[in-house]
Amino acid sequence: MMKLKIAMIALVMICTQSVLAQTKTVSGTVIDSDGMTLPGVTILVVGTSNGVTTDFDGKYQIEDVSATDQLSFSFIGMSTQTITVGDKTTINVTLLESAESLDEVVVVGYGTQSRAEVTGAIASIDSDELAAIPVATAEQALQGRASGVTVINSGSPGTSPVVRIRGLGTVGNNGPLYVIDGVITGSLAGISTNDIESVNVLKDASTTAIYGSQGSNGVVMVTTKKGKSGKAKISFNTSAGIQTVTQRYDVLNTQQYLQYASDAFGVVPASPSSSSGVNTNWQDEIFQDGLIQNYDLSVSGGNENSNYRFSAGILDQEGTVIETGFKRYSFRANSDFSVGKLKIGETMAISFNSQNPERQAGARSLIEHAIKMAPYLSVYNADNLGGYQGPNSSLDGQDSENPVRVQSLGNSLNKTTAITGSIYGEYEIIDGLKFRTQVGLDYYTYNNNSFIPSYNDDSEGATHTQTFALINKNSGVGQTVTFTNSLNYEKTIADVHNFDVLLVAEKYENTIDNTAAESRNPISDEVDQLSNESSALSSSSYETNRIGYLARVNYNFDGKYIFAASIRRDASSRFGENNRWGTFPSLALGWNMAKEDFMADTKFSNLKLRGSWGVVGNDNISNYLYSSTLTSDFIYPIGGAAAVGTTANGLANPDLKWEETTMVNIGLDFGLFNEKITGSIEYYKNTSDDLLMSRTTPVSLGFNVGTITENVGSVETTGFELNLGYNHYGEDFSWSANLNLGTSTNEVKSLGVLEEITGATFEQNDISRITVGESLFYFYGLETDGIYQTQAEVDAVFTANPGQTIVQPGDIRFVDHNGDGDITSSDRTIIGNPYPDVTYGLNLSADYKNWDLNMFITGVAGNEIFNTNIYDLEGMPRLFNSGTAVLDRWTPTNASNSIPRAAGAPQNVSISDRFVENGSYTRLKNLSIGYTFPEDTFGKGLFSNFKVYVSGQNLVTITDYSGLDPEIGSSTVINNTAFETGIDRGNYPQPKTFLLGLQVTF
């Protein structure tokens, strides 16, 4: 019996050794039909999580494989191959282009769609393109990546850029709708680009109409990265570098300034500082080199029933202006689980942002103060309250402010906490029929606090003093909850009739609560808390509700003939009961000619003609305008004393209704030589009717707000878009080039009863306006015609006003457009358009073995900039420091025809084309060079990816613009409405950035 047991144990051991001996390592190379190696091919043991990917040379090696296992070889755009291992240890594979190579999955509203079946205008940007440029906000990474998308960046850390899709279609809010993993959000400020899998920009009605009231300005849909089946993967990305602003305005030094003050204005500064020998470059005092650091860590993985991805990131950016900066701590968790026919999941992100903003004083930017300050004044003076030095107008003859004190004294901090996420469940009721329910949340809190201690910029009698500490604390909470239920049915009949039907019911609830408080402390500069001393307190609450129903049908016949239609009904609480509901239909057709038999022997791998029509709505106005509201703290004299009461805030308009935009889009997609050459051409025409605009009401009505919002006017926007791409994959060397161009022109068709709408102002004069027959927000002013050299030239213009003595030789000559013999406001004309005729981007990438290169160029053409800095540099209305150009100003002995006389006629500084410049530019937005180490460099199996790179942003800018930056972002001086576009008020310039980065995957 014992012998039998020993024999059985021995037999089991032999069998076990035999089984173990059957596992082995398989290796090989994967190529395409042209013999080119394919990096990044996924090789997976079928039914397990054991998998690898091919390296840059298309080679792979996979362990623990048995003879009975099957290996699956898959690659985007190629047909998947499955091979039984058998007795082979080397398996070389040739992957062929898939008949479904065009079936790139594109995220659209409430689902996904095959690229081959898309009939609308959708631009897609993948994670590699987004990660190519290290940026603080994801919106910045969109610049130049998609035709028809205009992104105007600001150099101020933490400031979101201005994003426009297909130009302007309304006089109000033109910003797009942002959707992250199906959750509607206010911006992309809290998300790291390392967490983004793809961005799809929806541009026409067939794609945006499904969002009804919120899709009129286009939709930016962000899909974040999810975990994938296989072993857990840990990724770490980091970069650090320096940012710097190298441009400066050429201003007068101390010696030049003193001479200029005496010669031009007869002023001899009596301040002791004027003879101190100090020569302060105030621009150098406010600019600095800033350190930028970014760290991202993620862990991901999963199996056939679940996946997960967790990430954390830190961004720390010092501004290139002193005491400015931005910090963000972000965390994200994505996961989903499948149990039979039920799938549940969540996406959750939280970010903590803190910003030290650029400050302003006296409605002047820091750059304006830096231009105007007398160079003989020192920055600091310990004998002055606050420790800074400023002008004494009676001694210095001017009143600019010390920009270092404006930015550095005290503190200003804006803090935001944002939570964005969703929880969803999806159940397959029957084959092809799925029900999905989702709750989305966009929640934020903000605290904007500032503390400015008392100061006196000159102990002998400063122009600028503050005898108290000023405390401001503003806070608020915003919450948006979106409930979405959808029913989706997909069915294929007879292998050629493909149906996709979607029904959606959605409810949107938004609440906002704000509190603003201010007080003064005349006793102490050490207490930064509020008190009852000279205090002010206010609060506000808003609630917005929308409800919508959507029906959408997609159909295609064998992938050749494509039809899509949708209709959405939306109700918005921003309108009265009579006009609360709006209906937004869309229709699209497509013909995939490449799948026709007559195209079989051509070089076209893709040729699709498509067109769409639809209507989208806009309710981007303030709340409660349809109804009368009340305002408190209204002061009114009663019985000779000031009484506090409540009054009607503004005139109600119960007839307010939806602003509607009708969109027409025609497009052609093409691909040649198996998608080696790709491209698309688009034409669009958007007509916005019943524009929601404010009209001034008579003062005699007595309302606190002197405007009423009405539906008046119409705007038409048209344009073309072009995308071209070339991809070459070689054995050692591969490269690609992608170009996109977009044009956009708009024309105001109607303003109802209004003749014009004016907007931005400068020195109490209008800069921009809107009139019928012209583009939106154009610059309007006088047209210059040189400088008067003699009195005879002056008299020849002022024939109707020959006795005038204000305008003299040396003043600017303006064109008398109405021919009345005088120069008045009636002679104003169109002097510029702030919106470009063309926007473009060119992306060039190359790989040579383990090296990679990326060059990204972006730019605009055909726009103008209104440069208010010219007023400061060359205006000379009174004594301030100025640009060196004033040394060549007109004098009786210097007949300049470009710079007028100092302290000349007031018309010299009127709004005119003197301040308008060509805003076109071409910018090398990014240049990066990287090296990826072979996997076994640091030991076998330690890293699956180890890459180092150097990168530079904004390295070269080609432009005729004389300012610090032709890309005019947000201003700190004034509210940033559409009227402010293209107006440089000393805006924060974008810096050059130099980075060293590391990407590691374990």
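These figures come from a predicted structure and were not determined experimentally.

How each quantity is defined
Residues numbered from 1 in each chain as written. Predicted model: local features only at pLDDT ≥ 70, side-chain atom pairs only at ≥ 80, totals over all residues. Heavy atoms only, no water. Pairing = 2+ DSSP bridges. Helix = DSSP H or I, 4+ residues; strand = E, 2+ residues; numbered from the N terminus. Axes fitted to C-alpha atoms, helices over the stretch in contact; angles between N-to-C directions. Patch = residues over 30% accessible without salt bridge, like charges linked within 9 Å, V, L, I, M, F, W, Y side chains within 5 Å. Areas by Shrake-Rupley, 256 points an atom, 1.4 Å probe, with all protein chains shown as cover. Salt bridge = Lys/Arg side-chain N within 4 Å of Asp/Glu carboxyl O. Phe/Tyr/Trp six-rings, centres within 6.5 Å; stacked < 30°, edge-to-face > 60°. Buried < 20%, exposed > 50% of the residue type's maximum accessible area, 1.4 Å probe, protein only. Lys NZ or Arg CZ within 6 Å of the ring centre and 35° of its normal. Contact = heavy atoms within 4.5 Å. Polar contact = N/O pair within 3.5 Å; in protein donor to acceptor, adjacent residues only side chain to side chain. Core = buried A, V, L, I, M, F, W, Y, C linked by side-chain atoms within 4.5 Å. 1 Å grid on protein atoms, 1.4 Å probe; cavity = no way out; pocket = protein on both sides within 12 Å on 5 of 7 lines; lining within 4 Å. Points joined across faces, edges and corners; volume = space filled by probe spheres on them. Nonpolar A, V, L, I, M, F, W, Y, C, P; charged D, E, K, R; others polar. Expected span 1.5 Å × (residues − 1). Arc of directions from axis to C-beta. pLDDT = per-residue confidence, 0-100.

## Digging into the sheet that holds strand 6 (residues 81-84)
Here four strands make up an open sheet; going across it, the order is 3-2-5-6 and the pairing antiparallel. Edge strands, defined here as strands with exactly one partner in the open sheet, are strand 3 (51-53) and strand 6. Across the sheet, the axes of successive neighbouring strands diverge by a mean angle of 20°, strand direction being ignored. Relative to strand 6, strand 5 (residues 70-74) runs antiparallel, the two being bridged by four bridges.

## Looking at a nonpolar patch on the surface
A surface patch of nonpolar side chains, amounting to about 960 Å² of accessible area, comprises Val553, Tyr561, Phe563, Leu587, Leu589, Trp591, Phe598, Leu609, Trp613, Val664 and Ile666. Considering every element that reaches the nonpolar patch, the biggest residue donor is strand 30 (residues 581-592), with three residues. Turning to its location among the elements, Leu587 is positioned in strand 30.

## What to know about the pattern of salt bridges
For the structure on display, the rule yields 35 salt bridges. Across the pair Glu682 and Arg610 runs a salt bridge, and its minimum N-O distance is 2.3 Å. Here Arg610 lies in strand 31 (residues 604-618) and Glu682 lies in strand 35 (residues 677-689), a separation of 72 residues in the sequence. Bridged by salt links that share partners, the residues Arg166, Lys203, Lys608, Arg610, Asp669, Glu682 and Glu721 form one connected network.

## Quick look at the packing of aromatic side chains
Taken as a whole and assessed by the stated rule, the structure comprises 25 aromatic pairs. Consider the rings of Tyr726 and Trp735, whose centres lie 5.0 Å apart with planes at 40°: the pair is tilted. For Trp735, a relative accessible area of 36% puts it in the partly exposed group. By way of ring pairs, the aromatic residues Trp851, Tyr931, Phe933, Phe943, Phe946 and Phe1002 are connected into one cluster. Note that Arg405 overlies the ring of Tyr455, its terminal NZ or CZ placed 4.0 Å from the centroid. Here Arg436 stacks its cationic end above the ring of Tyr424, 4.0 Å away from the centre of that ring.

## Observations concerning the pairing of strand 35
Note that strand 34 (residues 659-672) and strand 35 share 13 bridges and pair antiparallel. For Gly667, the partnering residue across the bridge sits in strand 35 and is Glu682.

## A few points about the environment of Glu935
Residue placement: Glu935 occurs in the loop between strand 53 (921-932) and strand 54 (945-959). A residue is classified by how much of its surface remains accessible, and Glu935, at 45% relative accessible area, is partly exposed. Separated by 842 residues in sequence, Glu935 and Val93 have C-alpha atoms that sit 22 Å apart. Ignoring anything within four residues of it in the chain, the contact list for Glu935 reads Phe943 and Ser944.

## Points about unusual backbone geometry
Trans peptide bonds make up most of the peptide bonds, and negative phi angles are found at most residues other than glycine. A positive phi angle is found at Asn674, which is not glycine, with a value near 55°. Within the fold, Asn674 resides in the loop between strand 34 and strand 35. For Asn674, a relative accessible area of 51% gives the class exposed. If you check the backbone angles, Ala903 has positive phi at about 50° while not being a glycine. Note on placement: Ala903 falls in the loop between helix 10 (869-874) and strand 52 (916-918).

## Considerations on the environment of Asn881
Among the secondary structure elements, Asn881 is positioned in the loop between helix 10 and strand 52. Look at Asn881 and you get buried, because its relative accessible area is 2%. Linking Asn881 and Glu129, residues 752 residues apart in sequence, is a C-alpha distance of 45 Å. Within the local environment of Asn881, its side chain forms a polar contact with the backbone oxygen of Leu252, the two atoms lying 3.2 Å apart.

## A look at the side chain of Ser519
Secondary-structure assignment places Ser519 in strand 27 (residues 497-521). On the basis of relative accessibility, which here comes to 0%, the residue Ser519 falls in the buried class. Separated by 3.1 Å, the side chain of Ser519 and the backbone nitrogen of Ser531 make a polar contact. Apart from the residues lying within four places of it in its own chain, the contact partners of Ser519 are Ala469, Leu470, Ile471, Gln529, Leu530, Ser531, Glu533, Ser534 and Ser535.

## A short note on the nonpolar core
Residues Tyr260, Trp282, Ile286, Phe287, Ile367 and Val404 are the most contacted members of the largest nonpolar core, which totals 36 residues. Elements with a contribution of two residues or more to this core: helix 4 (254-265), helix 5 (282-286), helix 6 (366-372) and helix 8 (403-408). By size, the runner-up hydrophobic cluster in this structure holds 29 residues, among which are Ala760, Ile770, Val916 and Phe979.

## Focus on empty space enclosed by the protein
Unfilled space is identified by rolling a water-sized probe across the atoms. In total, this model carries eleven cavities of 30 Å³ or more according to the counting rule given. In this structure, the largest cavity spans a volume of roughly 310 Å³. If you go around the largest cavity, you meet 24 residues; those closest to its centre are Val135, Gln140, Gln243, Gln317 and Gln990. Per-class residue counts for the lining of the largest cavity are eight nonpolar, 15 polar and one charged.

## Describing the side chain of Ser235
Here Ser235 is to be found in strand 17 (residues 230-244). Overall, the relative accessible area of 14% leaves Ser235 in the buried class. Excluding its chain neighbours within four sequence positions, the residues that come into contact with Ser235 are Asp296, Leu297, Ser298, Val1000 and Thr1001.

## Re the sheet that holds strand 41 (residues 757-758)
Sheet strands pair via backbone hydrogen bonds, and the direction of the pair is either parallel or antiparallel. Read from one edge to the other, the open sheet built from four strands follows the order 41-44-45-48, with strand pairing classed as antiparallel. In the strand order of this sheet, the two ends are held by strand 41 and strand 48 (829-832), each with one partner. Looking at chain direction, strand 44 (residues 768-770) and strand 45 (residues 778-781) are connected through two bridges and run antiparallel. Counted as the bridge partner of Arg769 is Tyr778 from strand 45.

## Concerning helix 4
End to end, helix 4 covers 16 Å across twelve residues, agreeing with the expected 16 Å (1.5 Å per residue, within 8%). Along helix 4, the residues that are buried comprise Thr254, Tyr257, Tyr260, Ala261 and Ala264. Considered in projection along helix 4, the buried side chains sweep an arc of 120° and stay on one side of the axis. In the core, the buried residues of helix 4 are packed alongside helix 7 (393-396). The N-cap of helix 4, judged by a side-chain oxygen 3.2 Å from the amide nitrogen of Gln255 a few residues on, is Asn253. Phi for Gly266, located one or two positions after helix 4, is positive at around 65°.

## Examining the pairing of strand 15 (residues 196-202)
For strand 15, the tally of buried residues reaches six of seven residues, placing the bulk of the element in the interior. Strand direction decides the pairing type here: strand 10 (residues 122-126) and strand 15, joined by five bridges, are antiparallel. From the neighbouring strand, Ile125 faces strand 15, where its bridge partner is Val199. Two elements, strand 15 and strand 16 (residues 219-224), share six bridges in a ladder whose sense is antiparallel. For Ile196, the partnering residue across the bridge sits in strand 16 and is Thr224.

## Some thoughts on the environment of Pro989
With respect to the element layout, Pro989 can be found in the loop between strand 55 (983-984) and strand 56 (992-1001). When its relative accessible area of 2% is taken as the criterion, Pro989 is described as buried. Taking C-alpha positions, Pro989 is 6.6 Å from Ser154, a pair spaced 835 residues apart along the chain. Setting aside residues no more than four positions away along its own chain, Pro989 makes contact with Gly155, Val245, Phe287, Ile367, Leu964 and Asp965.

## A short note on the confidence of the model for the protein
Note that predicted coordinates carrying low pLDDT should not be read in detail. Taken residue by residue, the protein gives an average pLDDT of 88. The fraction at 70 or more is 95%. pLDDT under 50 marks residues 1-21. Its contacts with residues more than four places away, or in other chains, come to zero contacts.

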